[in-house]
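One letter stands for each residue in the lines below.
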Amino acid sequence: MRSLLKLAFIVFAAFAAVLPASAQNIRIAVLEGLSGPFANVGEHWMSEFRFAVDQVNANGGVLNGRKLEIVPLDNKGSAQESLIQLRNATNQGIQFIFQGTSSAIAAALIDAVEKNNTRNPAAQVVFLNYSAIDMPLTNEGCSYWHFRFDANIDMKVRALIGELAADKSIKKVYLINQDYSLGQTVSKSAAAFLKAERPDIEIVGNDFHPIGQVKDFVPYIAKIQASGAQVVITSSWGNDMLNLIKAGNALGLKLSWYTFYAGAFGAPTALGDASAGRVKVVSEYHNNIASNGVAAWDAAYRAKTGSDFLFQRARLSILMLASAINKAKSTEAKEVARALEGMKFDGGLGMVEMRAGDHQLLQPLFVYTLEKTAARGGPKEAAIELEGSGLGSVTTKRFDAQQTALPHSCVMKRPS
Amino acid sequence: MEYSLVLLLNGISFGLLLFMLSSGLTLVFSLMGVLNFAHAGFYMLGAYIGYEASLRINFWAGLVLAPLTVGGIGMAVEYFGLRKVHRYGHAAELLFTFGLAFLIDEATHLIWGRSAVNYAIPAALSGPLFSIGEAQFPIYRGFIILISVAMLVAIWMLLRMSRIGLIIRGALTHPNTISTLGHDLPWVHMLVFGIGAALAGLAGAVGGAAFVTEPGMAHALGPIVFVVVVIGGLGSLGGAFVAALLIGCIQTFAVVADFNLGGILPFLHWNGIESITVSRLAPVLPYFLMILLLVLRPQGLMGKRAL
């Protein structure tokens, strides 16, 4: 009994010794899937957030020397677990929640954050969304406490179609997407924007496949070939994207892919030289942008971690949060949110604006094409290689922040 | 029109790959009464071993090393694990293989990481085998058909023409008699489990290059293998063959079937469900078929023993 008490005292003392040092830090909870099938994506996000926070801290931190600290929380890719982790974060007194890989989880979190902030005015949190792009989150489901740092579905689709529309030789387009909210919305949105910008283009196919279920995409590719399509638009990601590409290569598919997610996580490697010049991606960043204020950051990240820097939106969300904290001179959620909305910021690639009306970030968007790197005989803009694939990115169209703006239907309820 | 031939051959190649995978499962079940939940895990191990071999030696070495290694692992699993659990009954064996499946998953994560690895088709096998107009049939799919048929013939010859095959076939129906005649029955069990695992390993080495090799592949392919075995009839190798080809072709052709559910079932008018096309349901059709078959004909198409 005595030795047990002694042990308990030592453990408590150890905790107490550690505590004061971190009490000064401003903690940011990042909810990501750190186990399960997409853990590699979750780990990459954590790595980028940690790097961003290290840069802020190295430059003096916020509020006269206080440091930012990332608290990684594994939400196992489920909404249920995310709500548990949100409770976990608020119990620890964390005021800033980051999440992005799933719009369903983001929607659940917005709801939970609204409830939390109403019921616990002393423990309010701000939710920064870095990748969930479903439309309702900044329209009918918008919230004062939620800020979106990634261009939403309509903005991305409009950028892709904007690039496509310039090529008058394209007459037939095929749509293939995953059968859930993202894929359904992309399909509807693409059809609408195509009708508006190029009514002469015929949509020769509109397929949905279940996520992660299909191993053999050859039948889909055969269908695409039979339709005579010249362009395929797809928002598929993960192994579906890889399998789709591999099947396309196996059947010698010779058309252009307009994608959301073919620029990372194995896709450029799977694409290979056969796809050079024919795959386009819409994104807020790639590593061969001309007159680029992010290049030093990119190089430093690459030197430190050995992987590609992918997510300008991770960088922006941390930098803008730090800026908002400094502007509000406080870490109180309500004050920081007030400082963040409407903020205009120099993102390094052009001015960005966190639109106050719906909390959607307006930032430059790029449509880039994967080409062979300059070192292997490709265009000289393709200087830096993507993940050792022999392919590099080249901007084919750039949209400035204000050009990407689309109307919204958000009726924001602001706290007094 | 030309696409129909490509699609048919594709359906056959996928079906034969599924058969290579499910034949091991059926064999093990026929002999030992164990439904091996870890079977898809052996497939995944075969793919990763094939990948490692293709990096360090070459692709062809992988085709030999993968089944040998995975077969060895299978025999070890049977000798050190399953045999000990056998005396506690079928449920215990099932649970053992269930746990083993998780172990294999985690081991794969630890050794090779969580991302997909670039297990590529060798240059000699990439490109089209033949073209009909615009449609191409890849060489590698033809290669899959070739390997599957070769393996099928080899297994058939083993079972029908060799002495060990005779013993295995005897042990399938009259285990006690075989034992009485002096043959080492546990050794036969170990051998058959090893052969089943080796088949899965070969399927993995071949399939992993065609489809993506990633840590979730066991999860993705596991259920469809069970569907094949159940539809074919538990314990029937011929049934598994027919079922695998059937499912391969259904999955392939359903994708191009662009007609609505409302066209097949005209009374269906609820919540927009009539506008769902068959092609959207293509990947889950095998499961519908399995449920239908279990209701109408529980022993499967050619099944000989109950679950």
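The rules behind these values
- Residues numbered from 1 in each chain as written.
- Chains lettered and ligands numbered in written order.
- Predicted model: local features only at pLDDT ≥ 70, side-chain atom pairs only at ≥ 80, totals over all residues.
- Helix = DSSP H or I, 4+ residues; strand = E, 2+ residues; numbered from the N terminus.
- Rg over C-alpha atoms; globule rule 2.2 N^0.38 Å.
- Buried ≥ 20, exposed ≤ 12 C-beta atoms within 10 Å, placed from the backbone.
- Contact = placed C-beta atoms within 7 Å.
- Core = buried A, V, L, I, M, F, W, Y, C linked by C-beta atoms within 7 Å.
- Domains from an automatic or database assignment.
- Expected span 1.5 Å × (residues − 1).
- Pairing = 2+ DSSP bridges.
- Axes fitted to C-alpha atoms, helices over the stretch in contact; angles between N-to-C directions.
- Left-handed = near helix turned anticlockwise from the far one by under 90°.
- Nonpolar A, V, L, I, M, F, W, Y, C, P; charged D, E, K, R; others polar.

Caption draft 1: The overall build of chain A, seen in detail. The helix and strand inventory of chain A stands at 12 helices and 15 strands. For 416 residues, the compact-globule estimate of 2.2 N^0.38 gives 22 Å, and the C-alpha radius of gyration of chain A, at 22 Å, lies within 12% of that figure. When the 416 residues of chain A are sorted by exposure, 52% land in the buried category. Nonlocal contacts in chain A, meaning residues at least 24 apart in sequence, comprise 69% of its contacts between residues at least 6 apart.

Caption draft 2: Looking closely at the overall build of chain B. A tally of regular secondary structure across chain B gives 13 helices and 2 strands. Relative to a compact globule of 307 residues, whose C-alpha radius of gyration would be 19 Å, chain B shows 20 Å and is just as compact. The C-alpha extent of chain B, read off along each of the three principal axes, is 60 × 50 × 40 Å. Here chain B holds 307 residues, and 47% of them are scored as buried. Restricting the contact set of chain B to residue pairs at least 6 apart, pairs at least 24 apart contribute 75%.

Caption draft 3: Spatial organisation of the nonpolar core. By size, the foremost hydrophobic cluster in this structure holds 216 residues, and its most contacted members are F98(A), L18(B), Y43(B) and V228(B). When residues of this core are assigned to domains, at least three fall in each of domain 1 (24-151 + 298-362) and domain 2 (154-283 + 365-399) of chain A. Setting aside chain neighbours within four positions, we find L18(B) in contact with I224(B), V225(B), V228(B), A244(B), I247(B) and G248(B).

Caption draft 4: Just helix α2 (residues 39-56) of chain B, in detail. In this model α2(B) runs 26 Å from its N-terminal to its C-terminal C-alpha over 18 residues, within 8% of the 26 Å that 1.5 Å per residue would give. In terms of burial, α2(B) is largely enclosed, as 15 of its 18 residues are buried.

Caption draft 5: The arrangement of the sheet that holds strand β1 (residues 26-32) of chain A in detail. All names here are of chain A. Taken together, the 5 strands give an open sheet; going across it, the order is β2-β1-β3-β4-β5, and neighbouring strands pair in parallel fashion. Every interior strand has two partners, whereas the edge strands, β2 (68-74) and β5 (146-148), have only one. Direction aside, neighbouring strands of the sheet carry axes that sit 25° apart on average. Relative to β5, strand β4 (residues 126-129) is paired through 3 bridges, and the arrangement is parallel. Counterpart to F127 in the pairing with β5 is H146.

Caption draft 6: Spotlight on the environment of W112(B). Residue and element names in this part refer to chain B. Mapped onto the secondary structure, W112 falls in helix α4 (residues 90-112). Along the chain, W112 and I224 lie 112 residues apart, while their C-alpha atoms are 24 Å from each other. Not counting the four nearest positions on each side in its chain, W112 is found in contact with Y48 and V117.

Caption draft 7: Examining the sheet that holds strand β13 (residues 361-362) of chain A more closely. Residues and elements named next belong to chain A. The strand order across the open sheet formed by 3 strands is β11-β12-β13, and the pairing between neighbours is antiparallel. The open sheet is flanked by β11 (344-346) and β13, the only strands paired with a single partner. Alignment of β11 against strand β12 (residues 351-354), held across 3 bridges, turns out to be antiparallel. In the sheet register, K344 faces β12, and the bridge partner there is E353.

Caption draft 8: Up close: the packing of helix α9 (residues 217-232) of chain B against helix α13 (residues 285-296) of chain B. All names here are of chain B. Where α9 meets α13, the closest approach of the two axes is 10 Å, and the angle between their N-to-C directions is 35°. For the element pair α9 and α13, the recorded crossing hand is left-handed. Residue-level contacts link I224, V227, V230 and I231 of α9 to P286, Y287, L289, M290, L293 and L294 of α13. Residue composition of the contact of α9 with α13, by class: 10 nonpolar, no polar and no charged.

Caption draft 9: Structural context of the environment of N326(A). Topologically, N326(A) is positioned in helix α11 (residues 312-328). When the C-alpha positions of N326(A) and I10(A) are compared, they lie 39 Å apart, and in sequence the two are 316 residues distant.

Caption draft 10: Looking closely at the interface of chain B and chain A. Each side of the interface is counted separately: chain B has 30 residues, and chain A has 30 residues. When residues of the side of chain B that touches chain A are traced back to their parent elements, those giving at least two are α1 (2-32), β2 (135-138), α9, α10 (237-255) and α12 (278-281) of chain B. A total of 5 residues in the side of chain B that touches chain A trace back to one element, the largest contributor, which is α1(B). Along the lines of polarity and charge, the residues of the side of chain B that touches chain A split into 17 nonpolar, 9 polar and 4 charged.

Caption draft 11: Inspection of the pairing of β2(B) at higher detail. Neither face of β2(B) is open: one carries A135(B) and F137(B), the other Q136(B) and P138(B), and all of them are buried. Where strand β1 (residues 128-132) of chain B folds back on β2(B), the antiparallel hairpin that results is connected by 2 residues, among which G133(B) adopts a positive phi of roughly 65°.

Caption draft 12: Representation of the domain arrangement of chain A. Residue and element names in this part refer to chain A. Each domain of chain A was delimited in the assignment, giving domain 1 (24-151 + 298-362) and domain 2 (154-283 + 365-399). The C-alpha centroid of domain 2 is placed 29 Å from the C-alpha centroid of domain 1. Every contact between the two is made by 10 residues of domain 1 and, on the other side, 12 residues of domain 2. For the side of domain 1 that touches domain 2, a count of residues per class yields 6 nonpolar, 2 polar and 2 charged.

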